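Reading the structure
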Amino acid sequence: MLEVELLVKGRSDLGEVAPGIKASERRTAVAIADLEWREMEADDYGTNEAQDSDFPTAERSRLQEMLSLLGLETYQAQKLSLQDALQISSDSMRNWAPQAPKDLPWNFLRKLQALNAEARNTTMVLDVPPDARPMEKESQMEEEIIYWDAADDISADIYSFSELPTPDTPVNPLDLLCALLLSSDGFLQQEIVLKMSLCQFALPLVLPDSENHYHTFLLWALRAVVRTWWAQPPRGVGGLREDSAVLSRAPTFAFVRMEVSSNSKSQLLNAVLSPSHRPRDCFWHRDLSVGTNPREIADGLVEVSWFLPSGREDLDVFPEPVAFLNLRGDIGSHWLQFKLLTEISSAVFILTDNISRKDYKLLYSLRGSATKYYFILSPYRGKRNTNLRFLNKLIPVLKMDHSHVLVKVSSTDSAGFVRRVRSIVAHVARSPCRRLSVEEMAHAARKLGLRVDEDCDECQRAKQRMERITRRIKDCDAYRRDELWLQGDPWRKAAQVEKELCQAQRAGDPPDKGRAELGHRLLELRAQQNRQDPAWGLQEFIAGISSPSLAEKQYFLRWMEWGLARVAQPRPRQPPETILSLRPKHCGMVDFGELLWPEPLGVEHFLREMGQFYEAESCLVEAGKLPAGQRRFAHFPGLALELLLKGLPLELIDGSTLSTPLHWVTGLLKELHVRLERRSRLVVLSALGAPGTGKSTLLNTMFGLRFATGRGCGPRGAFMQLVTVAENFSQDLGCDHILVIDSGGLIGGALTAAGERFELEASLATLLMGLSNVTVVSLAETRDIPPAVLHAFLRLEKTGHVPNYQFVYQNLQDACAPGPRPRDRRPLLDPPGDVSRAGAQMEKQGDGIRTLADLAFCDPEKQHVWHIPGLWHGVPPMAAVSLGYSEAIFELKRCLLENIRNGLSNQNKNIQQLIELVRRL
């Protein structure tokens, strides 16, 4: 016992001999332990080996049963895609609760798309009226028959089958997540993980799959996650830092269970990650709804979550980013995952009640590891003396001391225990320790034989092509100027001439020498563009999106987005309060050519260059200056359309010149008409508002889109994306697709006098609203409608074409806003502000407009105004999206779809009508 006390009380860190213990004694202890290891190596565990040999067969059956129960077995050969998950269906219009296990995956995807904090809840509502689901009873009986038929063979593991969830038993959320990820392609996996990160859920890092005898390290799935935190250097002023979650290095701490533990790893991790007054449930645990349901296929799952400092001392548990890993299941049954954690972690916390002889054998194999190990024991529930004996042997092997053994029993002060764990984490993080990025963790996973999702041939070829392009980009502005030449001065000059021609035509002037000169100058500019050849980088880009492999095209686009983001100039850092308030900073008076903010180089610039080659060529062919048989770029719209159909936003209005490349846009729409054939009925939904009012986030949350968010973080133009309506719902809704247009940063929030800028903004707002069946106007911090938008309303009112409209007031300042309030029409009845009155006066209607309700299209009895709660619940970067925001966005989406179905929007268009409308407007 004295030896145990000496070893436990002594201190040793990474080979340092503990005080009070001689080096010779340590060598003797290690030698004894090594001898015992060799003896145990020769032990015969016949019974256990027999059980282990049968284990994969039982697991295969268990996984197949789970997939069948959830209705996902059909997605094993042809994986579920992102487009499948984002389709508009009848379920998009009702806030339904899952009534059978087969509803759970779709309910999870729908709620996750809406950033709903309750997405992981798998509770089902089983008391369903017969008229609500007439076939439910019959389908449930069929499922039960199939379920029990699987267990007819008595030689099978009957206990394993009897433990599987039945159709009326809730499924463990982690089983649902694993089954869905195994049934999804890489792009849907990436979307699921991205949405989970915004909800502050722990993210899957290693996905178990015993059916096919391999586990997958989810590097690609994590690529889209971007983290922002407050970095405080030892000296100097701190600032915000933003980086990819897979590229930034951080100390990593793994928490694992060995056999049985009375303490919950996940609850302990949540407590460590959360300030005492703001508990978070990043990791799902036993005390949450259906958290006690046994896991069937999720054991072996490794989850990751990060703590990110905000710059506020009252909230920052740690001063720097720290990663936490959680292995689901026992380390003995998932040794490969545990071995990986020991090679990528700074320290490993092992929770257990007992240390058995077999456990000692497993842990002894870790001798020589540079990782620090800590035990969290509940000795009064186990064999105290046995634990001490094995700990005494492990201390010299794992280079531990008494501070590496923590005891937690029912009487232990929980808050004090959490503080002690935090202090250990902070101490290890401050000292020299292993710091790896997720990308570096993937290298360790490969060496251990784990599959890495990013290693497929299509992904690697796309990555190599991206690297060839981005390697030549040293300065983004110089690259745009030298390599993407057509969209520079030639396009600006051509846009200016087109504008002057349009103004002359709109004024009704008869053709004269001046108009002829403008037309001649435009053709000269287009001929000058057409004489150029695509630069090498653009040719490589075109080759990337021309790949015969659809998956390789998608991989290439994602790689290009990230690669260009890495070479772009760093954005200016802001203080923490800017993150919290997201207050829009409106521009003052600006000239036409002035940039609202530096526009980072992106995929849209390569597509814009393609559009200019097509635009110049089409202009010359139309004027008879170029034979149609000599066209080189006629296939460009088809290439771009493929990207639109796969979810990439395409530019409708060029943000640099505030103009529309008419031939390019109509070419895209013609290709869309050909591609969609009989399913070409469209509803156009646009969102307008000043930059920073949350309209892009609103559209992304509502429809699962990919519009750039955050002012100063993306392109300035108006972009469009296509949302598909399910075929079995299109007749009811009255359309086959919804074309969603985001005005981006085109519409300013303050009046810019009567200058050219305001006239352009008003014209562009008129164009977007004139194309639209439904318009959402996003407001923030003011009840004023942006003057350019009001100007467009007044113009369209004269023509009788006013879209169905919804005003959305978003609370962008309150980080902890309450739940959604009922729709409120008071702002419609209040007097407009000075800028709105000035916009009305420009249409010579200012004297008659006292309130917005005085406009002919504003019916005070119809509720058109929404109040949306704040986006965040808590303080970023550790804040999750508020439940109130998610629920309010769903209600707005339901209202918009209801209006479309009931015909309250303008008459739906087919694509040919939309083409004509674009030309006319």
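Along every chain, residues carry numbers that run from 1 in the direction the sequence is written. Totals for whole chains, interfaces and linings use every residue, but because this is a predicted model, local features are given only for residues with pLDDT of at least 70 and side-chain atom pairs only at 80 or more, for both listing and counting. In computing side-chain values, all of the structure's heavy atoms are included and hydrogens and water are not.

To keep it simple, the criterion reads: UniProt positions are given in the numbering used here, feature names are shortened, and annotations may be inferred rather than shown by experiment.
Under the annotation held in an unreviewed UniProt entry, the protein carries the name Upregulator of cell proliferation and is attributed to Felis catus. What the UniProt record of the protein gives under Sequence similarities (unreviewed entry) is the line "Belongs to the TRAFAC class dynamin-like GTPase superfamily. Very large inducible GTPase (VLIG) family."

1. Quick word on the overall build of the protein
We apply this condition: Numbering of helices and strands starts at the N terminus; helices are DSSP runs of H or I of at least 4 residues and strands are runs of E of at least 2. A 1.4 Å probe rolled over the protein chains alone gives each residue an accessible area, and that area as a share of the maximum for its type sets the label: buried under 20%, exposed over 50%, partly exposed in between. Throughout, a contact is declared for two residues whenever any of their heavy atoms are within 4.5 Å. For the area figures, the Shrake-Rupley method with a 1.4 Å probe applies, and any residue is considered shielded solely by the protein chains shown.
Each helix and strand counted, the protein has 34 helices and 22 strands in total. Burial analysis of the protein (921 residues in total) assigns 56% to the buried set. The long-range fraction of contacts in the protein, counting pairs at least 24 apart against all pairs at least 6 apart in sequence, stands at 78%. Counting every atom, the protein has about 39,400 Å² of accessible surface; 51% of that belongs to carbon and sulfur.

2. Regarding the packing of aromatic side chains
The criterion, for reference: Planes of paired rings set the category: under 30 degrees apart is stacked, over 60 is edge-to-face and the rest tilted, where pairs are Phe, Tyr or Trp rings (Trp by its six-membered ring) whose centres lie within 6.5 Å. Cation placement over rings: the criterion is NZ of Lys or CZ of Arg within 6 Å of the ring centroid and within 35° of the ring normal.
Per the counting criterion, the structure on display carries 25 aromatic pairs. On the basis of an interplanar angle of 50 degrees and a centroid distance of 6.1 Å, the ring pair of tyrosine 360 and tyrosine 364 is categorised as tilted. With tyrosine 360 and tyrosine 364 both in helix H13 (residues 357–364) and 4 residues apart, the pair spans about one turn of that helix. Classification of tyrosine 360 as buried rests on a relative accessible area of 0%. In this structure tyrosine 364 comes out as buried when scored by relative accessible area, which is 1%. An aromatic cluster is present here, built from Phe253, Phe255, Phe307, Phe318, Phe324, Phe349 and Tyr374 joined pairwise through their rings. In this structure, lysine 408 packs its charged tip against the face of phenylalanine 417, placed 5.9 Å from the ring centre.

3. With respect to the pattern of salt bridges
Quick note on the threshold: A pair is scored as a salt bridge if a Lys or Arg side-chain nitrogen falls within 4 Å of a carboxyl oxygen belonging to Asp or Glu.
For the structure shown, the criterion picks out 34 salt bridges. Measuring nitrogen to oxygen at the nearest pair gives 3.3 Å for the salt bridge that ties arginine 468 to glutamate 540. With arginine 468 in helix H17 (residues 457–470) and glutamate 540 in helix H21 (residues 536–545), this residue pair connects regions lying 72 residues apart in the sequence. Overall, arginine 468 belongs to the partly exposed group, its relative accessible area being 32%. By relative accessible area, which is 14% here, glutamate 540 ends up buried. The network of salt bridges with shared partners includes Arg223, Glu439 and Glu454.

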